[in-house]
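# Understanding the architecture of this molecule
Chain by chain, the residues:
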Amino acid sequence: MASSHSSSPVPQGSSSDVFFKKEVDPTKHIRPVQSLPDVCPKEPTVTDQHRWTIYHSKVNLPAALNDPRLAKRESDFFTKTWGLDFVDTEVIPSFYLPQISKEHFTVYQQEISQREKIHERCKNICPPKDTFDRTLLHTHDKSRTDLEQVPKIFMKPDFALDDSLTFNSVLPWSHFNTAGGKGNRDAASSKLLQEKLSHYLDIVEVNIAHQISLRSEAFFHAMTSQHELQDYLKKTSQAVKMLRDKIAQIDKVMCEGSLHILRLALTRNNCVKVYNKLKLMATVHQTQPTVQVLLSTSEFVGALDLIATTQEVLQQELQGIHSFRHLGSQLCELEKLIDKMMIAEFSTYSHSDLNRPLEDDCQILEEERLVSLVFGLLKQRKLNFLEIYSEEMIITAKNIIKQCVINKVSQIEEIDTDVVMKLADQMRMLNFPQWFDLLKEIFSKFTIFLQRVKATLNIIHSVVLSVLDKNRRTRELEEISQQKNATKDNSLDTEVAYLIHEGMFISDAFSENELTPIAIDTTSQRNASPNSEPCSSDSVSEPECTTDSSSSKEQTSSSATPGGVDIMINEDMKLTDLELEKLANNIQELLYSASDICHDRAVKFLMSRAKDGFLEKLNSTEFITLSRLMETFILDTEQICGRKSMSLLGALQSQANKFVNRFHEERKTKLSLLLDNERWKQADVPAEFQDLVDSISDGKIALPEKKSGATEERKPAEVLIVEGQQYAVVGTVLLLIRIILEYCQCVDNIPSVTTDMLTRLSDLLKYFNSRSCQLVLGAGALQVVGLKTITTKNLALSSRCLQLIVHYIPVIRAHFEARLQPKQYSMLRHFDHITKDYHDHIAEISAKLVAIMDSLFDKLLSKYEVKAPVPSACFRNICKQMAKMHEAIFDLLPEEQTQMLFLRINASYKLHLKKQLSHLNVINDGGPQNGLVTADVAFYTGNLQALKGLKDLDLNMSEIWEQKR
């Protein structure tokens, strides 16, 4: 078989020397073509007997293809040597091998093109055998026919004898059944089955051998070229060895020293980095003890900053270090503990600050401690500390009232605390002066309390505003920095490229040099934090102490609170501007809430005292004093907190309304009693009432102060002099004037009741007008007081009293108008209605006086006869009654009113006389009757004009005669 293939064409040496042009010496001849070697391998020499070569492979191809351990035939031969567990994995490409493209084969294609032309020429000279002759076709058809004899089950790809169905179909068990004396036949069947299977195996092996024989030419050609390849490889190996020796010499002489220096520099830098990393690890290792020390001195902000810095270093610079794997979680738990400690510390501070003795000073308690606590709480977003302070304010306000009551009750010996157990009941046993002093003390304590709260909240507010201002300035700086960086990046994009040398980026070295100043700055800032140490005195190590991210987040700036406390504002406060502004508003609202709390507690204190009607029983002076104290407290709290609280003001208004109702009812009842007992006689005017009226004339509507001793020497006057006019009045009107002034003074003392007082005063004036009308004009005094009759003097005195009230109504109106809001001016119309009612009443009294004389004239003149003597008895009676009328009213009414009244009476007299003369047919004819009438009239005129104040009265008696027709 080997001889049959020995004559196959073999490529000549000239056709293969193209591969080794550079290695082959041109002076040497190409080795002649040798015969094909033996198929059997050569025996290994002594030198290489322990090296494994391809000749150690003793396994033939059928054995490799028929590996019994495989479930099916595999195409990968590696499982033969490495076992069934071999897994073909993807090989990661090497970073040190360049990427090969088509350009790398350009030179090779140019060199191989000549050899390819020679190969094509050789193929044309020696064409290959025609393998598709008839014999081969016949053989192929025969092999196919033989393979068809093999059952199809053996050709299936999932053929496996461990399958029971497959096994039974290949080896039927019926052939192995020896029962029933059929052993000989079964043995023959088994032998026949074995031969059949052997026959199938022979057919398959023959076909495999046939396929191998078809490709034998390629196998022998490969064996022929093997020796030449070995020679070429040997020469190539020698050339490579020489080249490596030369490269090694060049490397040793020219590169080794320089590279060693670079390696040493890189090693030194790495050592410095490791050293700084170890120092940083040592510093981080001391974090927990340092935090404990800071917490022992209540340095919560410093502890939180240290924890934040340590966590950042762990996440960025020390990430993956096994010894610190639990430190992050421990720091998180420690941070949660600090949160609880800060809340508890702030609660303790609030309690200490608000419950210290309330003295006149309003100094802030431990301002530095407060600032530190607030910054820590803001950093951790614990914004509920205002609620804690609010709750503490409520408790403190309760305690202030309780302590004041206890102190006051303990000073009163009349109160037995063993008998009266409840503090509220003990407080109700205080009289007004004692209770008023207690309330005054409570208001004083509340004022100091609010001042302290305001001072504390101002510090908190200033801290919040400083953080807000810092956030805004930081944002502005970041925007400016981003704009600069954007401009810088555009200019640097075209400058830096990655240059690789010994696995290191040269651009990284450049960036390190550029970042050195920034790193130094951030390193110094980190060293400024608690328990920080200098990284190294060596300038090389400074850039390695921090990272860019840590330097950007740990920058702080110094600020100062209004109290002069220097603070460090961390940029990472975790609060937005909206949250800070809302917190600042909440602080202001908390100050308002403090004022409301004090007012609410004061209202409850008032209501507890008012349960037994104590406040309603206060007299005017006491209530006004109480009202002024409450108004003063309301104004003080408004000045402190900037907003007026309405609860105490509402309680004051409610009590003021009750006071006004009682005040009005008392005075109305008093006026009613005075009117019911008034006999309508002129009363003497005490000096104090004259002083009262004089004070009103000066434009001051107020009750004058009582002067001891001075009023006793002055005697009462008969009339009341008001602005030069004399007013004869009854005692009720004098007291009414005083009551009116009390109303006006109450308005001055309690401005909130102005409208109610105006309404009540209007009601009082109307009541006086209507009741006096009932008693005098309506003759109610006859039954109430027991007067025998209502005289003209009573009527005149009533009219004069009404005139006095009318005189003061404009003054009262102006007083109320000055104290009313413009929108309340419509209420002044009550005084206009009252003035009209009083004028109507006065007019009715004047008409009543005229009616009295009119009835008298009608009675007397109806009996008048014109006869002697002269003057007649009728005219003497008329003159007598006119004199009585004049005597009754002249001292009561002004002269002008007296003249007007007598003119009206005279008109009535003339009317009745004219009527009687007409009845008697007496005319003005100059006769005897005319003379008698003229004499009587002259007598009447003379007597009337002789009365005081009526001398110049124009009587015009000519109207008594009828006109001649």
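Calculation criteria
Residues numbered from 1 in each chain as written. Predicted model: local features only at pLDDT ≥ 70, side-chain atom pairs only at ≥ 80, totals over all residues. Heavy atoms only, no water. Helix = DSSP H or I, 4+ residues; strand = E, 2+ residues; numbered from the N terminus. Contact = heavy atoms within 4.5 Å. Areas by Shrake-Rupley, 256 points an atom, 1.4 Å probe, with all protein chains shown as cover. Core = buried A, V, L, I, M, F, W, Y, C linked by side-chain atoms within 4.5 Å. Buried < 20%, exposed > 50% of the residue type's maximum accessible area, 1.4 Å probe, protein only. Patch = residues over 30% accessible without salt bridge, like charges linked within 9 Å, V, L, I, M, F, W, Y side chains within 5 Å. Salt bridge = Lys/Arg side-chain N within 4 Å of Asp/Glu carboxyl O. Lys, Arg positive; Asp, Glu negative; His and termini not counted. Charge placed at Lys NZ, Arg CZ, Asp CG, Glu CD. Axes fitted to C-alpha atoms, helices over the stretch in contact; angles between N-to-C directions. Parallel < 35°, antiparallel > 145°, perpendicular 65-115°, else oblique. Left-handed = near helix turned anticlockwise from the far one by under 90°. Nonpolar A, V, L, I, M, F, W, Y, C, P; charged D, E, K, R; others polar. Expected span 1.5 Å × (residues − 1). Phe/Tyr/Trp six-rings, centres within 6.5 Å; stacked < 30°, edge-to-face > 60°. Lys NZ or Arg CZ within 6 Å of the ring centre and 35° of its normal. Polar contact = N/O pair within 3.5 Å; in protein donor to acceptor, adjacent residues only side chain to side chain. pLDDT = per-residue confidence, 0-100.

The next subject is the overall build of the chain. Regarding its fold elements, the chain presents 30 helices and six strands. Within the chain, counting contacts between residues at least 6 apart in sequence, those at least 24 apart form 77% of the total. Just so you have it, the chain exposes about 59,100 Å², and 55% of that area is on carbon and sulfur atoms.

Backbone geometry at Glu-723 places phi at a positive 50°, although glycine is not the residue there. With phi around 60°, Ala-779 is a residue other than glycine that occupies positive phi space.

A separate point is the nonpolar core. Judged by nonpolar contacts, the single largest core of 197 residues is most densely connected at Trp-435, Ile-805, Phe-816 and Tyr-909. No other element matches the 19 residues that helix H15 (residues 432-492) contributes to this core. The contacts of Trp-435, once residues within four sequence positions are left out, are Met-427, Leu-430, Phe-605, Leu-606, Arg-609, Phe-614, Leu-615 and Leu-626.

Turning our eyes to something else, we now look at a nonpolar patch on the surface. Taken together, the side chains of Ile-100, Phe-105 and Tyr-108 present a nonpolar region at the surface, about 330 Å² in accessible area. By the element assignment, Phe-105 lies in the loop between helix H3 (78-82) and helix H4 (106-125).

Bringing a negative patch on the surface into the picture now. A surface patch of like charges, here negative, comprises Asp-684, Glu-718, Glu-887 and Asp-891. Within the secondary structure, Asp-684 sits in the loop between helix H20 (647-677) and helix H21 (687-697). Overall, the relative accessible area of 51% leaves Asp-684 in the exposed class.

Moving on, we come to the packing of helix H28 (residues 873-889) against helix H30 (residues 928-945). Between H28 and H30, the shortest axis-to-axis distance is 10 Å and the interhelical angle comes to 15°. Judged by the angle between their axes, H28 and H30 are roughly parallel. Judged by the twist between their axes, the crossing of H28 over H30 is right-handed. Here Phe-875, Arg-876, Ile-878, Cys-879 and Met-882 of H28 lie close against H30, whose contacting residues are Asp-936, Val-937, Phe-939, Tyr-940, Asn-943 and Leu-944. Per-class residue counts for the contact of H28 with H30 are eight nonpolar, one polar and two charged.

In this structure the tally under the stated criterion is 14 salt bridges. A salt bridge links Arg-643 to Glu-589; its shortest N-O distance comes to 4.0 Å. Of this pair, Arg-643 sits in the loop between helix H19 (620-641) and H20 while Glu-589 sits in helix H18 (residues 577-609); the two residues are 54 residues apart in sequence, bridging distant segments of the chain. Judged by relative accessible area, Glu-589 falls into the partly exposed class, the value being 43%. Between Asp-748 and Arg-819 there is a salt bridge whose closest N-O contact spans 2.3 Å. Here Asp-748, found in helix H23 (residues 731-749), pairs with Arg-819, found in the loop between helix H26 (792-817) and helix H27 (829-861); they are 71 residues apart in sequence, far enough to count as distant.

This part covers the environment of Tyr-909. Mapped onto the elements of the fold, Tyr-909 is located in helix H29 (residues 895-920). Through-space distance from the C-alpha of Tyr-909 to that of Val-850 is 10.0 Å; in sequence the pair is 59 residues apart. In contact with Tyr-909, other than residues within four places in its own chain, are Phe-857, Leu-861, Phe-875, Ile-878, Val-937, Tyr-940 and Met-957.

Quick look at helix H10 (residues 300-316) now. For H10, which comprises 17 residues, the first-to-last C-alpha distance of 24 Å matches the rise-based estimate of 24 Å (1.5 Å per residue) to within 8%. In terms of residue burial, H10 counts as a mostly covered element, since 14 of its 17 residues are buried.

By the secondary structure assignment, Ile-809 is in helix H26. A residue is classified by how much of its surface remains accessible, and Ile-809, at 2% relative accessible area, is buried. With sequence-adjacent residues up to four places away left out, Ile-809 is seen in contact with Phe-831, Ile-834 and Thr-835.

If you walk through the whole model with that rule in mind, you get 15 aromatic pairs. Ring centres 4.2 Å apart and planes at 10° place the aromatic pair Phe-623 and Phe-659 in the stacked group. Linking Phe-623 in helix H19 with Phe-659 in helix H20, this pair joins segments that are 36 residues apart in sequence. By relative accessible area, which is 2% here, Phe-623 ends up buried. Classification of Phe-659 by relative accessible area gives buried; the value is 2%. Ring geometry for Phe-816 against Phe-831: centres 6.0 Å apart, planes inclined by 40°, an arrangement best described as tilted. Of this pair, Phe-816 sits in helix H26 while Phe-831 sits in helix H27, and the two are 15 residues apart along the sequence. The exposure classification of Phe-816 matches that of Phe-831, with both residues buried. Counting every residue linked through ring pairs, the aromatic cluster contains Phe-857, Tyr-864, Phe-875, Tyr-909 and Tyr-940. It is Arg-800 that lies over the ring of Tyr-727; its NZ or CZ is 3.8 Å from the centre.

On to the side chain of Asn-769, then. Along the chain, Asn-769 turns up in helix H24 (residues 754-777). For Asn-769, a relative accessible area of 10% corresponds to the buried category. Beyond its immediate sequence surroundings of up to four residues, Asn-769 is in contact with Leu-802, Asp-837, Tyr-838 and His-841.

Turning to the packing of H29 against H30, a few remarks are in order. Where H29 contacts H30, the axes come no closer than 13 Å and their chain directions differ by 170°. Considering the angle they form, H29 stands roughly antiparallel to H30. Between H29, through Phe-902, Asn-906, Tyr-909, Leu-913 and Leu-917, and H30, the contact on the second element is made entirely by Val-933, Val-937, Tyr-940 and Leu-944. For the contact of H29 with H30, the residue count by class is eight nonpolar, one polar and no charged.

Moving on, we come to the side chain of Ser-772. Looking at the element boundaries, Ser-772 is found in helix H24. Overall, the relative accessible area of 1% leaves Ser-772 in the buried class. Polar contacts involving the side chain of Ser-772 include one to the main-chain carbonyl oxygen of Phe-768, which spans 2.8 Å. When sequence neighbours within four positions are dropped, the list of residues in contact with Ser-772 reads Trp-680, Leu-777, Leu-802 and His-841.

With that out of the way, let us pick up the confidence of the model for the chain. For the chain, the mean per-residue pLDDT works out to 76, and 75% of the residues sit at or above 70. When pLDDT is averaged over each helix and strand of the chain, the minimum, 38, is found for strand S1 (residues 500-501) and the maximum, 92, for H24. Counted against residues more than four places away or in other chains, residues 1-48, with its pLDDT under 50, gives 40 contacts.

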